[in-house]
Amino acid sequence: MISAIGWVPVGVSDPNPKRYELSAAERDVLQAMEEQEGNINNRDQITNKDKRKRGTIKVQVPPSAPASELPADLRMDEYSDDDEADEGAALGNLLLDQPASIAAEVAAEEAERNDSDSNDNGNDEEDGDDHEDDVPDTREFEPVDVEGLGSMGLYNVGMGTGADMEDMDFDEDDSEAEDVKITDDDAVILVTKTEDDFSALEVHVYDQKRGTLYVHHDIPLPSFPLCLAHGQVSSEGTTGNFCAVGTFDTGIEVWNLDVLNALEPSCILGGEDTSSADEMMKLQMAGGNTKNTKMDMSGMNGASLKPGSHTEAVMSLSWNPIHKQVIASGSADTTVKLWDVTQANDHAKANATTFQHHRGKVQSVVWHPKEGTLLATGGYDRKIALLDARSSGDNAKFVKVQSDCEVLAWDPFHPENLVVGTEDGQISCWDVRKFDTSSPLWTLVANEFGGVTDLSFSPHVPGMLVTCSVDKTVTLWDSYSNGAPIQSGSPTPCGSKDMCAGKLYSVGFYPSTPLLLGCGGSGNILSLWNLEAEEGVKRNFGDRLENIGIKTIDSEEADDTSTPKKEDFEAMMAADRGAEQKSDQNGKKKKKGKKGKKKAHKRGS
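Residues numbered from 1 in each chain as written. Predicted model: local features only at pLDDT ≥ 70, side-chain atom pairs only at ≥ 80, totals over all residues. Heavy atoms only, no water.

Looking now at the overall build of the protein. Secondary structure summary: the protein contains 12 helices and 29 strands in total. Considering only contacts within the protein whose residues lie at least 6 apart along the sequence, 51% involve residues at least 24 apart. On the protein, roughly 36100 Å² of surface is accessible, and the fraction owed to carbon and sulfur atoms is 49%. (Helix = DSSP H or I, 4+ residues; strand = E, 2+ residues; numbered from the N terminus. Contact = heavy atoms within 4.5 Å. Areas by Shrake-Rupley, 256 points an atom, 1.4 Å probe, with all protein chains shown as cover.)

Inspection of the secondary structure assignment puts Val419 in strand E18 (residues 417–422). By relative accessible area, Val419 is classed as buried at 1%. In this structure the C-alpha to C-alpha distance between Val419 and Ser456, which are 37 residues apart in sequence, comes to 9.4 Å. Setting aside residues up to four positions removed in sequence, Val419 forms contacts with Val407, Leu408, Ala409, Ile427, Ser428, Cys429, Trp442, Leu455 and Phe457. (Buried < 20%, exposed > 50% of the residue type's maximum accessible area, 1.4 Å probe, protein only.)

This next bit is on the side chain of Gln363. With respect to the helices and strands, the residue Gln363 is situated in strand E13 (residues 362–367). In terms of polar contacts, Gln363 uses its side chain to reach the side chain of Tyr380, at 3.2 Å. Apart from residues no more than four positions distant in its own chain, Gln363 is found in contact with Met315, Ser316, Gly378, Gly379, Tyr380, Cys405 and Glu406. (Polar contact = N/O pair within 3.5 Å; in protein donor to acceptor, adjacent residues only side chain to side chain.)

With that settled, consider the sheet that holds strand E22 (residues 464–468). The 4 strands are arranged E21-E22-E23-E26 in an open sheet whose pairing can be described as antiparallel. This sheet does not close on itself; its edge strands, each paired only once, are strand E21 (454–457) and strand E26 (492–498). Strand-to-strand twist of the sheet, defined as the mean angle between neighbouring strand axes without regard to direction, takes the value 20°. Bridging between E22 and strand E23 (residues 473–478) involves 5 bridges; their strand directions are antiparallel. The residue bridging Thr467 from the neighbouring strand is Thr475, located in E23. (Pairing = 2+ DSSP bridges. Axes fitted to C-alpha atoms, helices over the stretch in contact; angles between N-to-C directions.)

What follows is about the pattern of salt bridges. Summed over all chains, the structure comprises 8 salt bridges. The residue Asp478 makes a salt bridge to Arg544 at a minimum N-O spacing of 2.8 Å. Placement of the pair is Asp478 in strand E23 and Arg544 in helix H10 (residues 542–547), with a sequence separation of 66 residues. Arg544 carries the same exposure label as Asp478, and that label is buried. Between Asp543 and Arg544 there is a salt bridge, and its shortest N-O distance comes to 3.9 Å. Linked through salt bridges whose partners overlap, the residues forming this network are Asp478, Asp543 and Arg544. (Salt bridge = Lys/Arg side-chain N within 4 Å of Asp/Glu carboxyl O.)

Its location among the elements puts Leu375 in strand E14 (residues 374–379). Judged by its relative accessible area of 0%, Leu375 falls in the buried class. Residues Leu375 and Ala328 lie 47 residues apart in sequence; the distance between their C-alpha atoms is 8.5 Å. Residues in contact with Leu375, not counting those within four places in the same chain, are Ala328, Val336, Leu338, Val365, Val366, Trp367, Ala385, Leu386 and Leu387.

Before going further, it helps to spend a moment on the nonpolar core. If you look at the biggest cluster of nonpolar residues, it comprises 21 residues, and the most contacted ones within it are Met464, Val474, Leu476, Leu517 and Leu531. Put simply, the parts of the chain that give this core at least two residues each are E22, E23, strand E27 (504–509) and strand E28 (516–521). Each residue touching Leu476, except ones within four places of it in the same chain, is listed here: Leu465, Val466, Thr492, Pro493, Cys494, Gly495, Phe509, Leu517, Trp529, Leu531 and Val537. By size, the runner-up hydrophobic cluster in this structure holds 18 residues, among which are Val12, Val203, Val245 and Val259. (Core = buried A, V, L, I, M, F, W, Y, C linked by side-chain atoms within 4.5 Å.)

Tallied over the full model, the rule gives 3 aromatic pairs. With 5.7 Å between their ring centres and 50° between their planes, Phe224 and Phe248 make a pair best called tilted. In this pair, Phe224 sits in the loop between strand E4 (212–221) and strand E5 (225–233) while Phe248 sits in the loop between strand E6 (239–247) and strand E7 (251–256), placing the two residues 24 residues apart along the sequence. Overall, the relative accessible area of 24% leaves Phe224 in the partly exposed class. Relative to Phe435, the ring of Trp430 lies with its centre 6.3 Å away and its plane at 70°, an arrangement referred to as edge-to-face. On the accessibility criterion, Phe435 (1% relative accessible area) is buried. Here Lys383 stacks its cationic end above the ring of Phe398, 5.4 Å away from the centre of that ring. (Phe/Tyr/Trp six-rings, centres within 6.5 Å; stacked < 30°, edge-to-face > 60°. Lys NZ or Arg CZ within 6 Å of the ring centre and 35° of its normal.)

Turning to its location among the elements, Thr192 is positioned in strand E2 (residues 186–195). For Thr192, the side chain forms a polar contact with the side chain of Ser3, separated by 2.9 Å.

Quick look at unusual backbone geometry now. For residues besides glycine, phi is generally negative; the peptide bonds are generally trans as well. The backbone of Asp196 sits at a positive phi, close to 55°, despite the residue not being glycine. Residue position: Asp196 is located in the loop between E2 and strand E3 (198–207). With relative accessibility at 73%, the residue Asp196 sits in the exposed group.

A few words on the sheet that holds strand E12 (residues 351–355). Read across the sheet, 4 strands follow the order E9-E10-E11-E12 without closing on themselves; strand pairing throughout is antiparallel. Bordering the open sheet on either side are strand E9 (314–319) and E12, each of which pairs with just one other strand. Sheet twist, expressed as the mean angle between neighbouring strand axes with direction ignored, is 20°. Judged from the 4 bridges that link them, strand E11 (residues 336–340) and E12 form a sheet pairing that is antiparallel. Bridge pairing in E12 links Trp339 to Asn351.

The next subject is the pairing of E2. For E2, the tally of buried residues reaches 9 of 10 residues, placing the bulk of the element in the interior. Of the pairings in the sheet, the one linking strand E1 (residues 2–8) to E2 comprises 6 bridges and is antiparallel in character. Paired with Ala4 across the two strands is Thr192, which belongs to E2.

Taken residue by residue, the protein gives an average pLDDT of 78. The fraction at 70 or more is 62%. Scored below 50 in pLDDT, residues 293–301 shows 8 contacts in the model against residues more than four places distant or in partner chains. Below pLDDT 50 for its whole length, residues 555–567 participates in 5 contacts with residues either more than four positions away or in separate chains. (pLDDT = per-residue confidence, 0-100.)

Now the structure itself:
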């Protein structure tokens, strides 16, 4: 199933993503290995200098013992008299410092034997060749049709030169780089998917010109994913293309989306404390002593958590759009935490603060689009909270809702309005300027039976709101009236569509294209909907679409009236046939009239 989706704004992704990037731990290991190698080379140099200072050591070889002093079983000259025994005896006499004449006799016998063997082999080969010459060659060969091979493109197969092979490799590299290249026409969608107990963060690319959708690359995840948030700041304080993922684990993994074969996240906020295991790995890879580290690991009763970590699953994430190094997270442990990504490597400073103002699981957190310190949270305690991140949770403002909160969203064109979607299918809009002292501006039941699982505002079209539900449909709403947010009444439905993706759990608009949205759910399918051709959208948002350069129905009709319409070809042919039939009938009537006049004239005469 697809549990969450997100969009990457155009221009943020690296057009030419890297294959692999070393993590901080791997760089530390490589540095330690280089230092250790340098120490070894220094020790070797010192050892060689000491040897040169001491000088060379002379080794004295003891003289060989006489044959008579050897035991009987080691006297090789007392073996049998066959050829091999003679050779062994001769070699034994040679090793026992016998006279040189014996060695000369042995060498002569070996040379004579080798000559006889070579002559025998040569005669056999000559006999074989003579025998083969007598056998006639009855094989039949067909002529090669070179022109035919050339016409099929097979003439040069297997006969390429080295330069051709180099060009071929170069073309393959170019084609591979072209396959992973991301252009400005590509819409990048992030999808957290789980299938057959395997979870992954998938990076999809939608080519808006060709209309093709494919998986660019994927990143394996350690546990079932629940939420994601896109950001542009790394743990080292540099800008880039990153995605934070919350899972059933207690940690928040931040992945670099511009690395295709990423094996480890860029950083992990909270979660299990693996510092001891990391140090042991570094020592092992660097060839150091791991005895003490193993003892420390064996003394641990269980895996401990990093300071300030969540203790249960991370259910919601929001990356601050103003203070881009800050991430807010909501958890099943009823807490809301703020994280500083640039301090991720310092476990004591990564968790900036913790709020405990909810009494139930925190399902949704969302930063204000303009005020970087204003945070809205919603939980399973049927409360919506609004708090200033610079103060403690005691100063939070609350409103009660009729059911558990599922999703929160700010109106991007009127950011004083906060929209809440609940489990019973109800949507409410609150003015946060009078948050805890007033009733909502409007309320509607978006889906009575399926509930509201997610909602999103269009960042381009004012008032355009989309909701999704477990009834497999996406519904569009107009939350404005006369160009302003509705103050009474309820939003107008503008149409719904079955996205053929199963029960829907996540929906969102593409921030770089006005009328493109995506959704996903239990069907494990990412579905996209381009709203430009929808008549209901043009009818309800016509004037607002014209403000962003999109033609509506009225403008198209005006263009049709100003230009002459082309008549249908079949209609023209039918009109021509009808005119011909009328002319034939009129001609026949005229002929009959003339004949009658002639006959009457004759009678009169």
